[in-house]
Amino acid sequence: MNLGPHAPPLRGSLPPEGADPAWGGPAPDLQGPHASSPLRGESGTPPLRGSLTSVRVAVVGAGNMGGAMVARLCELGWSVVVCDIDPVRQQQALEAGACLADTPGTAARALVADGVLIVCVVDATQSHEVLFGTGGAAAALHSGQTVMLCPTIAPQDTEALAAALSSQGLDCIDAPMSGGPARAREGSMSLMVAATDGVLERHAALLAALSSKVFRISERVGDGARTKLVNNLLAGINLVGAAEVLALAERLGLDLSTTLDVIEQSSGQSWIGSDRMRRAIAGDLAPRAHVTLLEKDTRLAVQAARAAGFAGPLGEVAASVFEQAHAAGMADLDDAALLQLLRGPRP
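Since the structure is predicted, the reported quantities are computational estimates derived from the model, not experimental observations.

> Tell me about the packing of helix α9 (residues 223-251) against helix α10 (residues 256-264), residues and numbers included.
For the pair α9 and α10, the least separation of the axes is 10 Å and the interaxial angle reads 135°. Considered as vectors, α9 and α10 are oriented oblique to each other. The two elements α9 and α10 cross, and the hand of that crossing is right-handed. Between α9 and α10, the contacting residues are Val245, Leu246, Ala249 and Glu250 on the first element and Leu256, Thr259, Leu260 and Ile263 on the second. Tallied by class, residues from the contact of α9 with α10 come to six nonpolar, one polar and one charged.

> Describe the pairing of strand β3 (residues 80-83), with residues and values.
Neither face of β3 is exposed, since Val80 and Val82 on one face and Val81 and Cys83 on the opposite face are all buried. Strand direction decides the pairing type here: strand β2 (residues 55-60) and β3, joined by four bridges, are parallel. Its bridge partner being in β3, alanine 58 is matched across the sheet by valine 81. Assessed by its sense of winding, the connection that carries the chain from β2 through helix α1 (residues 64-75) to β3 is right-handed.

> So what's going on with the nonpolar core? Residues and values would help.
The biggest cluster of nonpolar side chains holds 35 residues, and the ones touching the most others in it are Val80, Val82, Ile118, Met148, Leu191 and Leu210. Residue assignment for this core shows that the elements contributing at least two residues are β2, α1, β3, α2 (87-96), β5 (111-119), β9 (190-194), α7 (197-202) and α8 (204-210). Examining the composition of this core, we find that six residues originate from one element, α1, more than from any other. Not counting residues up to four positions away in its chain, the partners in contact with leucine 191 are Met148, Ala175, Pro176, Met177, Leu207, Leu210, Ser211, Lys213, Val214 and Phe215.

> Give a detailed account of the packing of α9 against helix α11 (residues 271-281), specifying residues and quantitative values.
In the contact formed by α9 and α11, the axes pass within 9 Å of each other and the chain directions differ by 45°. Considered as vectors, α9 and α11 are oriented oblique to each other. Viewed along their axes, α9 and α11 form a crossing whose handedness is right-handed. Here Ala235, Asn238, Leu239, Ala242, Ala243 and Leu246 of α9 come into contact with α11, specifically with Ile272, Gly273, Arg276, Met277 and Ile281. Residue classes in the contact of α9 with α11 are distributed as eight nonpolar, two polar and one charged.

Scoring rules and cut-offs
Residue positions are given per chain, counting from 1 as you read along its sequence in written order. Under the rules for a predicted model, residues below a pLDDT of 70 receive no local features and side-chain atom pairs below 80 are neither given nor counted, while totals for whole chains, interfaces and linings still include all residues. Note that water and hydrogens are dropped before the side-chain values are worked out from all heavy atoms of the structure. Under this scheme, a helix contributes an axis fitted over its contacting stretch, all axes are lines through C-alpha atoms, and angles between N-to-C directions fall in the 0 to 180 degree range. Numbering of helices and strands runs from the N terminus; a helix is a DSSP stretch of H or I covering at least four residues, while a strand is a stretch of E covering at least two. Convention used here: angles under 35 degrees read as roughly parallel, angles over 145 as roughly antiparallel, angles from 65 to 115 as roughly perpendicular, and any remaining angle as oblique. If you view the pair so one helix is near and one far, a crossing is left-handed when the near helix is turned anticlockwise from the far one by less than a right angle, and right-handed when it is turned clockwise. Here, two residues are considered to be in contact whenever any of their heavy atoms come within 4.5 Å of each other. In this classification, Asp, Glu, Lys and Arg are treated as charged, Ala, Val, Leu, Ile, Met, Phe, Trp, Tyr, Cys and Pro as nonpolar, and every other residue, Gly included, as polar. Summary of the burial criterion: residues with accessible area below 20% of their type's maximum are buried, those above 50% are exposed, and those between are partly exposed, where the area comes from a 1.4 Å probe applied to protein chains only. Paired strands are those between which DSSP finds at least two bridges. Orient the strands so they point away from the viewer, and a crossover whose first-strand-to-second-strand path over the helix runs clockwise is right-handed. We call a set of buried residues a nonpolar core when its members are Ala, Val, Leu, Ile, Met, Phe, Trp, Tyr or Cys and they connect through side-chain atoms within 4.5 Å of each other.

Here it is as structure tokens:
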């Protein structure tokens, strides 16, 4: 794969062209695989740490998915600047070879003329703050640069952000992702991209570096978000179904591991069911994907369905199960915790 002339990351010190003010307002309550805040770190943190030449990619939000993308890009020789408040994520980014910025605006200012800012936070509110809040990136970007939106958000929010960026002469790639951190790290996650052909062609090398499964949905920004909501609603339905049938299997006196072996080789198989239920059976609920993420995504998908005049039999039921898990105190657990929810009290 020809990635072009992307300078390898270097250590040292690169003074910024000017320090952004401290990020205004309180840091939001973040959860989920993108759960690192884009906000400014400890007081006194230098605006830019590390040394890179020709910074081609800025990543705001280096949580599980964002951090995996940072590690992959650095490994492939891309020059990357990262903005994240979490000291652990900051250290991981530095060790991967990235440079650190204290605000999204500082990160954006470090980009070359045709650079890309990747937004990898949790929701539309955080995306707006990253771009247009105090110390935000949009004011530091220039015509010819591009913003790549990776969060799972409502299509109308994607469209609104893209329109605001376009008014400043900035391009936008609607690019939600799927597959989890391990696949993001190895470059095999799915990317659902919507943008004009010219923008996608201009950044084809970056997209190829991030994913071997880039789906060009359409030229209409917002269609990537629509595709992701459809996919994640099915993921939520499948996960609820897998947890339900294994809870039933347990009540019937069946061995859960053996039952899942059968399902995985039979008509009931689903990737998310296998992935999550294997962990649930082992009692491993350490969060890779918090309950709150599919709670948000299924809720957004149901809202999109209602707006389109569509009423399916399963989506709202699945969404309600994630709401129940949250209410039961499982918000910070991996969504494999649905098995724990649905099995109820042990007989």
